[in-house]
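# Fold and contact review
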Amino acid sequence: MATPLSIQLYTLRHQLAADRHGALARLAEIGYRSVETYDPTADPAGFRKAADALGISVSGTHAYALFNTDAGEVFDAVATIGTDLVIIPGGIDHEEFTTFDGLSRVADTLNGFAAKAAEYGMRLGYHNHWWEIEPRFEGRTALEELAGLLAPGVFLEVDTYWAQVGGADVPELLRSLGDRVLALHVKDGPGVKDEPHTAVGKGVIDVPSILGAAPDALRIVELDSCATDIFDAVAESRDYLAALEGLEVLEGLEEEA
């Protein structure tokens, strides 16, 4: 892997709200040196200062804020936290993914955001849930159909867990999407909606096959909810992925040891 294993900070939203520096420090102690944020407009300068002090980089950020905040303000905040990858993680009516006309409107929205992002030297991506997978168009998922409508620079961050919940053969989906996939959300659990997730490697998801289908994509751990201690779960997830993919995921740690 070219970059360190990352983690979506939504996983630790409650811990960050209570003690941002403490939660980030705990992640650094576990071995995470890269994070994906979920609200770049929330004190970006303060976040950057805290991350820098701990040697933490930002692999990308989710940006729901683009739907309700001036785009320039959002992209300025993204620049401050230190990334150029901006991901739309939802915020679009699920029904739009059930028709060709709806998919065309979704593509127009994303392409418009992407053009604005490019003015700031940034790239825009889209993150799926199950509702972009369940609708089928002559056997193809709505996400695959959408990919064909997106401008060339728009990438996909495939949430591998929700893709499976939506009914996809995830390795096959990743191979179909090809180079459009820049990042993966790696999570595990019982493989159904509305149940807590588990540490990666502790659930029903065939993680090795999924990662093997997208060897160059960024790996980003995310647990939406968890019935066990969340710090234990993210530590177990990191250890599992480190063992699975080799010491490359620990890149940058040796020089600090």
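Structural data are supplied above this passage.
Criteria and thresholds
- Residue numbers run consecutively from 1 along every chain, following the written order of its sequence.
- For this predicted model, a pLDDT threshold of at least 70 governs which residues receive local features, and a threshold of 80 or more governs which side-chain atom pairs are given and counted, while totals over whole chains, interfaces and linings are taken from all residues.
- Only heavy atoms go into the side-chain values, all of them from the structure, while hydrogens and water stay out.
- Any two rings among Phe, Tyr and Trp, with Trp reduced to its six-membered ring, count as a pair given centres within 6.5 Å; such a pair is stacked if its planes are under 30 degrees apart, edge-to-face if over 60, and tilted if neither.
- Secondary structure elements follow DSSP: runs of H or I no shorter than four residues count as helices, runs of E no shorter than two count as strands, and numbering proceeds from the N terminus.
- Look at NZ for Lys and CZ for Arg. If either is within 6 Å of the ring centre and within 35 degrees of the ring normal, a charge sits over the ring.
- Paired strands, as defined in this entry, are two strands with at least two bridges between them according to DSSP.
- Here an angle of 0 to 180 degrees is reported between the N-to-C directions of two axes, which are lines fitted to C-alpha atoms, with helices fitted over the stretch in contact.
- Here, two residues are considered to be in contact whenever any of their heavy atoms come within 4.5 Å of each other.
- When a residue's accessible area, from a 1.4 Å probe over protein chains only, is under 20% of the maximum for its type it is buried; when over 50% it is exposed; and in between it is partly exposed.
- Throughout this description, a polar contact denotes any pair of N or O atoms lying within 3.5 Å of each other; where both atoms belong to protein, one of them has to be capable of donating a hydrogen while the other can accept it, and for residues adjacent in sequence the pair is counted only when both atoms sit in side chains.
- The handedness criterion is simple: a crossing whose near helix is rotated anticlockwise from the far helix by less than a right angle is left-handed, and one whose near helix is rotated clockwise is right-handed.
- The salt bridge definition used is simple: a Lys or Arg side-chain nitrogen within 4 Å of an Asp or Glu carboxyl oxygen.

Inspection of every chain in the model, using the stated rule, returns eight aromatic pairs. A centroid spacing of 4.7 Å and a plane angle of 55 degrees characterise the contact between F100 and F137, whose relative ring orientation is tilted. Pair noted here: F100 is in helix α5 (residues 100-119) and F137 is in strand β6 (residues 136-137), with a separation of 37 residues, a long-range link. Linked through ring pairs, W130, W131, Y161 and W162 together constitute an aromatic cluster. One cation-aromatic arrangement involves R13 over Y10; the distance from NZ or CZ to the ring centre is 3.8 Å.

What follows concerns the sheet that holds strand β1 (residues 6-8). What the eight strands build is a closed barrel, ordered β1-β2-β3-β4-β5-β8-β9-β10; its pairing is parallel. The mean angle between the axes of side-by-side strands here comes to 30 degrees, regardless of whether they run parallel or antiparallel. As paired strands, strand β4 (residues 85-88) and strand β5 (residues 123-127) are joined by four bridges and run parallel to one another. When the sheet's bridge partners are listed, I88 is paired in β5 with Y126. Strands β4 and β5 of the sheet are contacted by α5, whose axis makes an angle of about 150 degrees with β5.

Our next topic: the side chain of T11. For T11, the location among the structural elements is in the loop between β1 and α1 (13-18). Exposure remark for T11: the relative accessible area of 5% places this residue in the buried category. From its side chain, T11 meets the backbone nitrogen of L223 in a polar contact 3.0 Å long. Not counting the four nearest positions on each side in its chain, T11 is found in contact with V221, E222, L223, I230 and V234.

Take the packing of helix α2 (residues 20-30) against helix α3 (residues 44-53) next. Here α2 crosses α3 at 35 degrees, and the two axes come no closer than 10 Å. Of the two elements, α2 crosses α3, and the hand of that crossing is right-handed. For the pair formed by α2 and α3, the contact residues are R20, H21 and L24 on the first element and G46, F47 and A50 on the second.

What follows concerns the environment of I87. Among the secondary structure elements, I87 is positioned in strand β4. If we skip the residues at most four places from it in the chain, I87 touches E36, T61, H62, A63, G125, Y126, H127, F155 and E157.

What follows concerns the environment of Y32. When you line up the elements, Y32 lands in the loop between α2 and β2 (34-37). The spatial distance from the C-alpha of Y32 to the C-alpha of L184 is 16 Å, given a sequence separation of 152 residues. The residues contacting Y32, other than those within four sequence positions of it, are L5, S6, I7, L27, I56, V221, V234, S237 and R238. A polar contact of 2.6 Å, which involves the side chain of Y32, links it to the backbone oxygen of V234.

What follows concerns the pattern of salt bridges. Following the criterion strictly, the structure yields 11 salt bridges and no others. Notably, a salt bridge pairs E96 with R105, separated by 2.8 Å at the nearest N-O pair. Overall, E96 belongs to the buried group, its relative accessible area being 19%. Judged by relative accessible area, R105 falls into the partly exposed class, the value being 43%. Note that E245 is salt-bridged to R219, the shortest N-O span being 2.9 Å. With E245 in helix α10 (residues 230-245) and R219 in strand β10 (residues 218-221), the pair connects residues that are 26 residues apart, well separated along the chain. For E245, a relative accessible area of 22% gives the class partly exposed. Through salt bridges that share partners, D159, K187, E222 and D224 make up one connected network.

Keep in mind these numbers describe shape, not what the thing actually does.
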